[in-house]
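Report on the structure
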Amino acid sequence: VDGGMAVGAWLSSVFALQGGAVFLAEGAPGSYSLAVPVGPADASSGQRFGRAVDGAGKWLAVGADGDGALGPDAGAAYLFELTPNGPAERTKLLAADGGSEDLFGRAIAMHGPRVLVGAPGHGAAVQNAGAAYVFVNGPQGWVEEARLEPVIATPFASFGRAVALVAGLAFVGAPHADRLHVFR
């Protein structure tokens, strides 16, 4: 993130019992100063906010794979804008087809106006095969642009356990299938 770094503490009890937090450090290497912790407006016990953290410019993306808005451990991702007055929560992202135990937000990557969120527990067709979701910031705000899945779904592959966005490419890991998938 601009002017510092963000560190997730997903079992922190600053906002709710083991609900998680993100700590922003400002400054430069060797002279960082810890700022106040960041948490979601709807902090809840077991949410695991901060399980995954990434930033791009003035934006901070935070995964909370234990969020229960769509069912137990369905997960969520939060986007904060880093303003002169501190981080401001702008939106909570949920998968359009999200459900219990998807673990949406276990991995998160941000590049430019896009966020890639992993949901390694998602299993629409095959149990725990996983999915990853692309969100884009446009005139209507942050909207889901695509759901990424492997061509051949493997049970318990955990597709979406690791994600990265680089130069217009989305990289999605499926560690239990020993695969890395690349999408344009």
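Residues numbered from 1 in each chain as written. Predicted model: local features only at pLDDT ≥ 70, side-chain atom pairs only at ≥ 80, totals over all residues. Heavy atoms only, no water.

Regarding the packing of aromatic side chains
Applying the stated criterion to the full structure yields six aromatic pairs. Ring geometry for Phe104 versus Phe135: centroids 6.1 Å apart, planes at 80°, classification edge-to-face. Of the two residues, Phe104 is situated in the loop between β7 (86–93) and β8 (107–111) and Phe135 in strand β10 (residues 131–138); the sequence distance between them amounts to 31 residues. Overall, the relative accessible area of 1% leaves Phe104 in the buried class. Cluster of aromatic residues (ring-pair linked, three or more members): Phe49, Tyr78 and Phe80. A cation over an aromatic ring shows up here: Arg51 above the ring of Trp10, its NZ or CZ 3.8 Å from the ring centre. (Phe/Tyr/Trp six-rings, centres within 6.5 Å; stacked < 30°, edge-to-face > 60°. Helix = DSSP H or I, 4+ residues; strand = E, 2+ residues; numbered from the N terminus. Buried < 20%, exposed > 50% of the residue type's maximum accessible area, 1.4 Å probe, protein only. Lys NZ or Arg CZ within 6 Å of the ring centre and 35° of its normal.)

Here's the deal with the sheet that holds strand β13 (residues 169–174)
Sheet architecture is open: three strands sit in the order β12-β13-β14, paired in antiparallel fashion. The sheet is open, and its two borders are formed by β12 (162–166) and β14 (179–183), each paired with just one other strand. Shown here is a sheet whose adjacent strand axes are inclined to one another by a mean of 15°, direction ignored. Inspection of the sheet shows β13 paired to β14 by five bridges, in the antiparallel sense. Each bridged residue has a counterpart across the sheet, and for Phe171 the counterpart in β14 is Val182. (Pairing = 2+ DSSP bridges. Axes fitted to C-alpha atoms, helices over the stretch in contact; angles between N-to-C directions.)

Some points on the environment of Ile108
Position of Ile108 relative to the elements: it lies in strand β8. On the accessibility criterion, Ile108 (8% relative accessible area) is buried. In the structure, Ile108 is positioned 11 residues away from Ala119 in sequence and 9.5 Å away in space, judged by C-alpha atoms. For Ile108, the contacting residues outside a window of four places in its chain are Ala52, Val53, Asp54, Ala61, Val62, Gly63, Ala77, Val115, Leu116, Val117 and Val163. (Contact = heavy atoms within 4.5 Å.)

Quick look at the sheet that holds strand β9 (residues 114–119)
Strand order in this open sheet of four strands is β8-β9-β10-β11, and the pairing throughout is antiparallel. The open sheet terminates on both sides in strands that have one partner only, identified here as β8 and β11 (141–148). Each neighbouring strand pair of the sheet contributes to a mean axis angle of 20°, computed without reference to strand direction. In the sheet, β8 pairs with β9 via five bridges, with the strands oriented antiparallel. Residue pairing across strands places His111 opposite Arg114, the latter belonging to β9.

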